[in-house]
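Residue strings, one per chain:
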Amino acid sequence: MTKKASFFFTASCLILLVPVPPRFAFGIVFILCAAVIVLAAVMLKALIEYIGVKKYKNLLFMPGILAVTLFLYALVGLWSAVTAFTFGFIMYILPVSLFMNASVFADEHCPLKQMLIRELKNCAVLSVSGLFFFAARELLAYGTLSLPVRSGLQVFGILKGLGFFPVFFWATIPGALVLLAFLLVALAAVDRRYGIKEDAL
């Protein structure tokens, strides 16, 4: 995976966080599901190569990832119907995005162990970035942080005592896009300064 491709993949995954409601609790569940789907995509790619049906990889990849997504969505629904209802169709954007980025997984031939380690590091970068995005967005918008529970979420007041909170702009889609832009600039700066992402991916 080239440096340019890895950054594009990171950006395309992070932009999927924008339509998710601006609550840290929902972000935790969504990012966990996203990490499972990404790792399932890697395993599916390895399976397709192992059984020697790369000719039909596009035909097999999308249904396989959709099946994983449907299973995860069902599990989320069993655990918390409120959370599943809140996500709605957003969960199904994840497999479509992975399908569009299939070239990220398909252009290399390396052992499964090495590929899994690389993608675990990739998921770690995405997870930390995503959790920071959701935490910052909720803190700036509502002055609170929330945790997922079966009834939906449990909210804890953090910055509500300060006079300049809340700023509801950060709860809107434009606010999320502005915050995402800052996050991507920060990731690019860290990448240029330390080269962490290139080594990790």
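What counts, and at which threshold
- Residues numbered from 1 in each chain as written.
- Predicted model: local features only at pLDDT ≥ 70, side-chain atom pairs only at ≥ 80, totals over all residues.
- Heavy atoms only, no water.
- Patch = residues over 30% accessible without salt bridge, like charges linked within 9 Å, V, L, I, M, F, W, Y side chains within 5 Å.
- Areas by Shrake-Rupley, 256 points an atom, 1.4 Å probe, with all protein chains shown as cover.
- Salt bridge = Lys/Arg side-chain N within 4 Å of Asp/Glu carboxyl O.
- Helix = DSSP H or I, 4+ residues; strand = E, 2+ residues; numbered from the N terminus.
- Buried < 20%, exposed > 50% of the residue type's maximum accessible area, 1.4 Å probe, protein only.
- Polar contact = N/O pair within 3.5 Å; in protein donor to acceptor, adjacent residues only side chain to side chain.
- Contact = heavy atoms within 4.5 Å.
- Expected span 1.5 Å × (residues − 1).
- Axes fitted to C-alpha atoms, helices over the stretch in contact; angles between N-to-C directions.
- Parallel < 35°, antiparallel > 145°, perpendicular 65-115°, else oblique.
- Left-handed = near helix turned anticlockwise from the far one by under 90°.
- Nonpolar A, V, L, I, M, F, W, Y, C, P; charged D, E, K, R; others polar.

Draft legend 1. Geometry of a nonpolar patch on the surface. On the surface, a cluster of nonpolar side chains totalling about 340 Å² of accessible area is made up of Val-167, Phe-169, Val-178 and Phe-182. With respect to the helices and strands, the residue Val-167 is situated in the loop between strand 2 (152-157) and helix 8 (173-194).

Draft legend 2. Focus on the side chain of Thr-69. With respect to the element layout, Thr-69 can be found in helix 3 (residues 57-79). For Thr-69, a relative accessible area of 0% gives the class buried. There is a polar contact of 2.9 Å between the side chain of Thr-69 and the backbone oxygen of Ile-65. With near-sequence residues (within four places) excluded, Thr-69 lies in contact with Ile-37, Met-91, Tyr-92 and Pro-95.

Draft legend 3. Structural detail: helix 3. For helix 3, built from 23 residues, the straight-helix expectation of 33 Å at 1.5 Å per residue is met to within 8% by its first-to-last C-alpha distance of 33 Å. Among all positions of helix 3, only Phe-61, Met-62, Ile-65, Thr-69, Leu-72 and Val-76 are buried.

Draft legend 4. A look at the packing of helix 2 (residues 24-50) against helix 3. Where helix 2 contacts helix 3, the axes come no closer than 10 Å and their chain directions differ by 150°. As judged from the angle between their axes, helix 2 and helix 3 are roughly antiparallel. Here helix 2 and helix 3 pass one another in a crossing that is right-handed. Residues Val-29, Cys-33, Val-36, Ile-37, Ala-40, Ala-41, Leu-44 and Ile-48 of helix 2 lie in contact with helix 3, whose contacting residues are Lys-57, Leu-60, Phe-61, Gly-64, Ile-65, Val-68, Thr-69, Leu-72, Val-76 and Trp-79. Among the residues making up the contact of helix 2 with helix 3, the classes are represented as 15 nonpolar, two polar and one charged.

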